[in-house]
Amino acid sequence: MRIVLADIKGGDGFLSKDTVVGGYGSRLKPFSKVTRVIARLKSGFHEMPSVQLAYAAALAARAGHEVVASSGELVDGDLAIVLSSLIDYRRETAWARAMRARGARVGFIGLTSQKLPHLFEDSADFIVDGEPESALLRLVGGATLSGMAPSPQIHHPDPLPFPFWDPLPPRPAQ
C-alpha cells in the first residue's frame, strides 16, 4: 500500500502546526520590516517536519508500506494521513477532498481534528481520536478505520520504532 503523509503548507505567512499552541497551530503574517525578519528567522530555525508524521512514517515503513510525503501537492496513493490544524483546516480539507476524488482513503490526525471533528468529518474517511500510534498500528496492519477511530494511549512505547524522517520534506534552505 502507498501511504501519503500530508502536512499541508499554507502560503499566507509563517505557519507552525505541530509544536505550538497545544497542537492547534499558529500563523505569523509579516506586516512590517521587523515581522518579516522574525518570520524569516522562524522559518529558518523553527520550521521542522511533524514528529507525529515521522512516527506514522516509521510505523508504515516497518509494516512494509511505501511512504511518501506531501506539503500540498496531490500525490498518488491508497491512503492519506493529514496532520490537522485550526489555522489551515480549510486547505487541509480541500486537499483531502481532492485526494478522495482520486480514490484514496483519507484520515486526519492531530488535536484539532479530535476536538473539532465537525470541521473535518465531511472530508475524511476517518479521524483518529487520541494519540495516533495505536490507531496507526491497526491501520498499517490491515484494519479499515472509519468515523471517529479511537486510539488509546500506548503505555509502553518501547516497541515503537524511532521516527522515520527520510520521506518527510526537508527544512527549507536558510
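Residues numbered from 1 in each chain as written. Predicted model: local features only at pLDDT ≥ 70, side-chain atom pairs only at ≥ 80, totals over all residues. Heavy atoms only, no water.

1. A word on the pairing of strand β7 (residues 126-129)
- For strand β6 (residues 105-109) and β7, the ladder comprises two bridges, and the chain directions are parallel. Residue pairing in the sheet places Phe108 in a bridge with Ile127 of β7.
- Here four bridges tie β7 to strand β8 (residues 147-150), and the two strands are oriented parallel to one another. Among the inter-strand pairings, Asp129 is bridged to a residue of β8, identified as Pro150.
- With respect to chirality, the unit in which β7 leads through helix α5 (residues 132-140) into the neighbouring parallel β8 is left-handed. (Pairing = 2+ DSSP bridges. Helix = DSSP H or I, 4+ residues; strand = E, 2+ residues; numbered from the N terminus. Right-handed = clockwise from strand over helix to strand, strands pointing away.)

2. Points about the sheet that holds strand β5 (residues 79-83)
- Strand order in the open sheet formed by six strands is β4-β1-β5-β6-β7-β8, with parallel pairing between adjacent strands. For this open sheet the edge positions go to β4 (66-70) and β8, each flanked by a neighbour on one side alone. When strand polarity is set aside, the average angle formed by the axes of neighbouring strands in this sheet is 25 degrees.
- Each of β1 (2-6), β4, β5 and β6 touches helix α3 (residues 89-101); the most contacted strand, β6, lies at about 155 degrees to it. (Axes fitted to C-alpha atoms, helices over the stretch in contact; angles between N-to-C directions. Contact = heavy atoms within 4.5 Å.)

3. Re the nonpolar core
- In terms of nonpolar packing, the biggest core is built from 24 residues, with Ile3, Leu5, Leu53, Ile81, Phe126 and Leu139 touching the most fellow members.
- Every residue in contact with Ile81, bar those within four places of it in the chain, is listed here: Ile3, Val4, Leu5, Ala6, Leu53, Gly107, Ile109, Phe126, Leu136 and Leu139.
- Counting 17 residues, the second largest nonpolar core, distinct from the first, contains Val75, Ala80, Val106 and Ala124. (Core = buried A, V, L, I, M, F, W, Y, C linked by side-chain atoms within 4.5 Å. Buried < 20%, exposed > 50% of the residue type's maximum accessible area, 1.4 Å probe, protein only.)

4. Things to note about the pairing of β1
- β1 sits mainly inside the fold: four of its five residues count as buried.
- The pairing of β1 with β4 spans five bridges and is parallel. The residue bridging Leu5 from the neighbouring strand is Ala69, located in β4.
- Of the pairings in the sheet, the one linking β1 to β5 comprises four bridges and is parallel in character. Each bridged residue has a counterpart across the sheet, and for Ile3 the counterpart in β5 is Leu79.

5. Digging into the pattern of salt bridges
- Enumeration according to the criterion identifies six salt bridges in this entry.
- The partner of Asp7 in a salt bridge is Lys9, with the nearest N and O atoms 3.4 Å apart.
- Residue classification places Asp7 among the buried residues on the basis of a relative accessible area of 10%.
- On the basis of relative accessibility, which here comes to 33%, the residue Lys9 falls in the partly exposed class.
- Of the charged contacts in the structure, one is a salt bridge between Asp76 and Arg102, with a shortest N-O distance of 2.5 Å. In this pair, Asp76 sits in the loop between β4 and β5 while Arg102 sits in the loop between α3 and β6, placing the two residues 26 residues apart along the sequence.
- Look at Arg102 and you get partly exposed, because its relative accessible area is 42%.
- Overlapping salt bridges, with partners in common, bring together Arg100, Arg105 and Asp125 in one network. (Salt bridge = Lys/Arg side-chain N within 4 Å of Asp/Glu carboxyl O.)

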